[in-house]
Amino acid sequence: MNIEMPEIDKNEYKLFRFVMDNSLDIIYLYDIIEKKNIYSNAGISKVLGYTAKEIKEMGEHLIPILMHPDDLEKYSNTVLPKYQKAKDNEWIEHDYRMKHRNGEWRWLYSKETIFNRIDNGVPAQILGILSDITEEKNIKSDLQNALKKAEESEQKYRRMFASMQEGVYLHEMIYDDQGNATNYRIIDANPISEKYLNIKREDAIGKMATELYGTNEAPFLDIYTKVAATGEPVSFEQYFEPMDKHFFISVFSPREGIFATAFLDITKSKHYENELIKAKELAEESNRLKAEFLNNMSHEIRTPMNGIMGFSELLDQPGLTQEKQIYYTRIIRNSSSQLLHIIDDILEISTLSIKQAKVDIDAFCLNDFLMELFSIFNLKASERKIPIYLTKGLPDNYSSIKTDKSKLSKILINLIDNAIKYTNSGFIEIGYTCDKQDLQLYVRDTGIGIDPKNQTIIFERFTQEEKEISKKFGGLGLGLSIARENAELIGGTITLESKKGEGSTFYLNIPNSVRTGQYATDIDVGPDISVKDEKTPGYRILVAEDEEVNYLYIETVLKDMPGAVIEIIHARNGQEAVQIFKDDNSIDLVLMDIKMPVMNGLDATSIIKELRPGTPVIAQTAYSTKVDKQKAIDAGCADFITKPIDRLELIELINKYLIK
């Protein structure tokens, strides 16, 4: 199956294309191994006159053909060897001449970095940015010549100095008694420098550097000292925070004791460069996530396939017992189901990626819908010995909603599946609450929890909190992304509350307009069953039961009883039952499971009978011997009902002790 995975989203791609198409510089990708140019942007035509196709056809002969012979040897001997020791994201800078299509030589300022490496870490590809500095070089040369001849041609120098497009300051060094340079004084400035540095020419002339540059002065003093010592010009980039501008600066000495500083505003070019770096990093991250996803997908698909193929082969063994045949068949079915779930996730994320998912609105009973999900996942949770509970916020006849049932199912299935996968002890709870603003469904677990710093990235595609979690628990990192995107399609949002090691609660908030009929604007949850009247008596029954399926069955039977309105309170262990009974004096009857965690039903019954002896307690358990029944009676139980509970027998007992 061929699945095309996105490498970069539309906004990132749009940004990348904008930077590449509008850059004033040449941006290219050069393969060191193959010795050929892989890519050049449109800047190649603006700067050198060649088309990208012509550059590609030159291949490995590109540099020998275009680079000036005097610069080629220097490039080969001093620049290329630097890449063998260069670190990632380290930029190597140099300048050289390249031949224009019309035959003239153009000076280029180059910044190159390693873009890709082969398996053993050897650099394979170079990303480069070339800026045309021919005019700067020519101006610098002209300026040097002009300054040397300044005494002979003062008028010519002034005209040229004033017309330069670079801001230029002329300085003279100030030395102390020991001959050390301590400062420098500005002796001249051209008109354009006023625009670049926001200082009027007449205000600058005669001032010390420390008066104008402040803390930015120190590095310049070191540079002037270096130029004075070597006689060689120095070029560098400098950011001036007060102006929020980047400058390409050249410092040279036209004559002893005098220094010229030329400022070229490269703020726009620097912006393009930074955007290109960001686009490169985004592309690399996209490639990394894609590679991890493909590796995970291979593992996730091969695991169930191994179960299907391996146990299918074992079914052909002669003399296979019926017990083993049933066992092998169950493994094949489970593996097939696992494989189908993986395929569904991949198809779902593909549909969401191309924005073809459609919303199909329908009305249905939320309580029935959640009961169906509970039935599906209860068996899976039981296999891991994790109890799963269902808490319904409204009575059945008040729980009708209107939304896309399929998408709501996909959201909750992914949340519940994750809760079971990442919970080793404790419990899982599914439920909802409802008010006049929102319908809020939730899935709560006591699992491994999620670190706050990772609670945003886990909703991204192909992403899991940690690599070790992926190795231990498996998965493609698509479930939460699918849940979030489907939530957005039905107008909802997913939020998360979690602490590392303390479990998680995922909330799905849907606008209350999804509720249908007369209950769309009225949140009345039905008659007040805590108030008894003469026509329809109301009762409060405490059901102590740790198995959620058993509780839901009892709840359904009691709520459908004719002739009475019954409110049911659920306790999941004996200790919880005792506490609820202490806090609520209006409980009329207790249905007590005997075998429960934390505190068993017999101990809980003894405490309850001491608190209020007149409240009837009916024992309900799988134990059915005379001895078991007698233990229940001795603990204070008024009667006894055996599991599996018969509906008519339960109704008869309730009528006996309550309705009479």
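Residues numbered from 1 in each chain as written. Predicted model: local features only at pLDDT ≥ 70, side-chain atom pairs only at ≥ 80, totals over all residues. Heavy atoms only, no water.

Observations concerning the nonpolar core
- Counting residues in each nonpolar core, the largest one holds 62 residues, and the members touching the most others are Leu412 and Leu558.
- Not counting residues up to four positions away in its chain, the partners in contact with Leu412 are Phe369, Leu370, Leu373, Leu441 and Val443.
- If you look at the next biggest cluster of nonpolar residues, it comprises 24 residues, including Val47, Met58, Val79 and Tyr96. (Core = buried A, V, L, I, M, F, W, Y, C linked by side-chain atoms within 4.5 Å. Buried < 20%, exposed > 50% of the residue type's maximum accessible area, 1.4 Å probe, protein only. Contact = heavy atoms within 4.5 Å.)

Let's talk about empty space enclosed by the protein
- Throughout the structure, instances matching the rule amount to 4 cavities of 30 Å³ or more.
- Estimates place the volume of the largest cavity at around 190 Å³.
- If you trace the largest cavity, you find 18 residues lining it, with Tyr28, Leu62, Tyr96, Met98 and Leu130 closest to the centre.
- Breaking the lining of the largest cavity down by element, the ones donating at least two residues are strand E1 (26-31), strand E2 (36-40), helix H2 (43-48), helix H4 (62-66), strand E3 (92-99) and strand E5 (123-132).
- Empty space within the second largest cavity amounts to approximately 60 Å³.
- Forming the boundary of the second largest cavity are Asp71, Lys74, Tyr75, Val79, His94, Asp95 and Tyr96.
- Among the secondary structure elements, those contributing two or more residues to the lining of the second largest cavity are helix H5 (69-79) and E3.
- Ranked by the residues each element gives to the lining of the second largest cavity, the list is headed by H5, at 4 residues. (1 Å grid on protein atoms, 1.4 Å probe; cavity = no way out; pocket = protein on both sides within 12 Å on 5 of 7 lines; lining within 4 Å. Points joined across faces, edges and corners; volume = space filled by probe spheres on them. Helix = DSSP H or I, 4+ residues; strand = E, 2+ residues; numbered from the N terminus.)

Here we look at a negative patch on the surface
- Negative charge collects at one region of the surface, where Asp368, Glu372, Asp396 and Asp560 lie side by side.
- Its location among the elements puts Asp396 in the loop between strand E12 (388-391) and strand E13 (400-403). (Patch = residues over 30% accessible without salt bridge, like charges linked within 9 Å, V, L, I, M, F, W, Y side chains within 5 Å. Areas by Shrake-Rupley, 256 points an atom, 1.4 Å probe, with all protein chains shown as cover. Salt bridge = Lys/Arg side-chain N within 4 Å of Asp/Glu carboxyl O. Lys, Arg positive; Asp, Glu negative; His and termini not counted. Charge placed at Lys NZ, Arg CZ, Asp CG, Glu CD.)

Structural notes on the pairing of strand E4 (residues 105-117)
- As paired strands, E3 and E4 are joined by 8 bridges and run antiparallel to one another. Paired with Ile92 across the strands is Glu112, a residue of E4.
- Here E3 folds back onto E4, and the loop between the two strands holds 5 residues, one of which, Gly103, carries a positive phi near 100 degrees.
- Where E4 meets E5, 9 bridges bridge the pair, whose relative direction is antiparallel. Each bridged residue has a counterpart across the sheet, and for Leu108 the counterpart in E5 is Asp132.
- What sits between E4 and E5 in their antiparallel hairpin is a turn of 5 residues, with Gly121 showing a positive phi close to 85 degrees. (Pairing = 2+ DSSP bridges.)

Re the confidence of the model for the chain
- When pLDDT is averaged along the chain, the result is 78; 80% of the residues meet or exceed 70.
- Per-residue pLDDT, averaged within each element of the chain, yields its smallest value for helix H16 (residues 467-473) (44) and its largest for strand E20 (residues 589-593) (95).
- Here residues 1-6 scores under 50 on pLDDT; set against residues more than four positions off or in separate chains, the count is 6 contacts.
- This model gives residues 517-535 a pLDDT under 50, and the stretch forms 24 contacts once residues within four places in sequence are excluded. (pLDDT = per-residue confidence, 0-100.)

Some remarks on the sheet that holds E5
- Strand order in the open sheet formed by 5 strands is E2-E1-E5-E4-E3, with antiparallel pairing between adjacent strands. The sheet is open, and its two borders are formed by E2 and E3, each paired with just one other strand. Neighbour-to-neighbour, the strand axes of the sheet open up by a mean angle of 35 degrees, direction not taken into account.
- Here E1 pairs with E5 via 6 bridges, running antiparallel. Paired with Asp31 across the two strands is Gln125, which belongs to E5.
- Packing of H5 onto the sheet brings it into contact with E3 and E4, and relative to E3 it is tilted by some 155 degrees. (Axes fitted to C-alpha atoms, helices over the stretch in contact; angles between N-to-C directions.)

Points about a nonpolar patch on the surface
- A surface patch of nonpolar side chains, amounting to about 220 Å² of accessible area, comprises Val359, Ile361 and Leu489.
- Note that Leu489 resides in helix H17 (residues 479-489).

Description of the sheet that holds strand E16 (residues 493-498)
- Strand order in this open sheet of 5 strands is E12-E14-E15-E17-E16, and the pairing throughout is mixed. Edge strands, defined here as strands with exactly one partner in the open sheet, are E12 and E16. Each strand of the sheet is rotated relative to its neighbour by a mean of 15 degrees, with strand direction disregarded.
- Relative to strand E14 (residues 428-434), E12 runs parallel, the two sharing 4 bridges.

Regarding H5
- Among all positions of H5, only Asp71, Tyr75 and Val79 are buried. Buried residues of H5, viewed axially, fall in a sector of 45 degrees; they line one side. Residues of H5 that are exposed and point more than 90 degrees away from the buried face comprise Pro69, Asp70, Glu73 and Asn77.
- Taken together, the buried residues of H5 touch H4, E3 and E4. (Arc of directions from axis to C-beta.)

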